[in-house]
Every structure is written in structure tokens, then in C-alpha cells.
Amino acid sequence: MARTNAEYQRDWRQRRAERLAVLERETAGLRRLLADAQADLATALADNERLAAAQCRHPAGAVDGGTCRACGSEVW
């Protein structure tokens, strides 16, 4: 039995809708991975700043206008 143009169009729209649904699921998964990676990065940066501040003894030559150029913290 020959298919009509309407049937071809309906099938094409259905395949397109299914592909879009798959892409939306994959995008949601990638966004979750991105959010997790950004949270891990924020934690790592905070740890890095904490460790850098703990290591810095604010050498006299590094203090410029009340801010240590070595660790970035304010020195009073």
C-alpha cells in the first residue's frame, strides 16, 4: 500500500520529536555534570586560597598598600 505525503510528514515529525527528546535528556545530563564540576572547582579554589594564606608569611617586600601580593590577603 502506498503511503501518503501526510503519513511521511507525520513519521518525519515523530522521528524529529524523538531525536529532540534524546538530545534534551543528554543536555540535562551534561548540565548536571557541569554543575558538579563547577562545585568541585569552587571547593578546590577555596582550599587553594586557604592553603596559600596559611603558607604566606607576608614577606615585607610583598606587601603593597596593605595587601600582600603573594597571597592576596589584606595585611594590617
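Reading guide: rules and limits
- Residues numbered from 1 in each chain as written.
- Predicted model: local features only at pLDDT ≥ 70, side-chain atom pairs only at ≥ 80, totals over all residues.
- Heavy atoms only, no water.
- Helix = DSSP H or I, 4+ residues; strand = E, 2+ residues; numbered from the N terminus.
- Buried < 20%, exposed > 50% of the residue type's maximum accessible area, 1.4 Å probe, protein only.
- Areas by Shrake-Rupley, 256 points an atom, 1.4 Å probe, with all protein chains shown as cover.
- Salt bridge = Lys/Arg side-chain N within 4 Å of Asp/Glu carboxyl O.
- Phe/Tyr/Trp six-rings, centres within 6.5 Å; stacked < 30°, edge-to-face > 60°.
- Lys NZ or Arg CZ within 6 Å of the ring centre and 35° of its normal.
- pLDDT = per-residue confidence, 0-100.

### Section: the overall build of the protein
Piece 1. Within the protein, the secondary structure is distributed over 1 helix and 2 strands.
Piece 2. Of the regular secondary structure in the protein, the N- to C-terminal order runs α-β-β.
Piece 3. Buried positions account for 5% of the 76 residues belonging to the protein.
Piece 4. Entry remark: accessible area of the protein is about 6,700 Å², with carbon and sulfur atoms responsible for 56%.

### Overview of the pattern of salt bridges
Side-chain pairs of opposite charge can arise whenever the charged atoms involved come near each other.
Piece 1. Per the counting criterion, the structure on display carries 2 salt bridges.
Piece 2. The partner of Asp 11 in a salt bridge is Arg 10, and the shortest N-O contact between them spans 3.9 Å.
Piece 3. When its relative accessible area of 23% is taken as the criterion, Asp 11 is described as partly exposed.
Piece 4. Taken together, the shared-partner salt bridges connect Arg 3, Arg 10 and Asp 11 into one network.

### Things to note about the packing of aromatic side chains
Piece 1. Applying the stated rule across the entire model yields 0 aromatic pairs.
Piece 2. Above the face of the Tyr 8 ring, Arg 3 is positioned so that its terminal group lies 4.4 Å from the ring centre.

### Digging into the confidence of the model for the protein
Piece 1. Residues with a pLDDT of 70 or more make up 88% of the protein, whose mean pLDDT is 87.
Piece 2. Least confident of the elements in the protein is strand β1 (residues 63–64), whose mean pLDDT is 67; most confident is helix α1 (residues 5–55), at 94.

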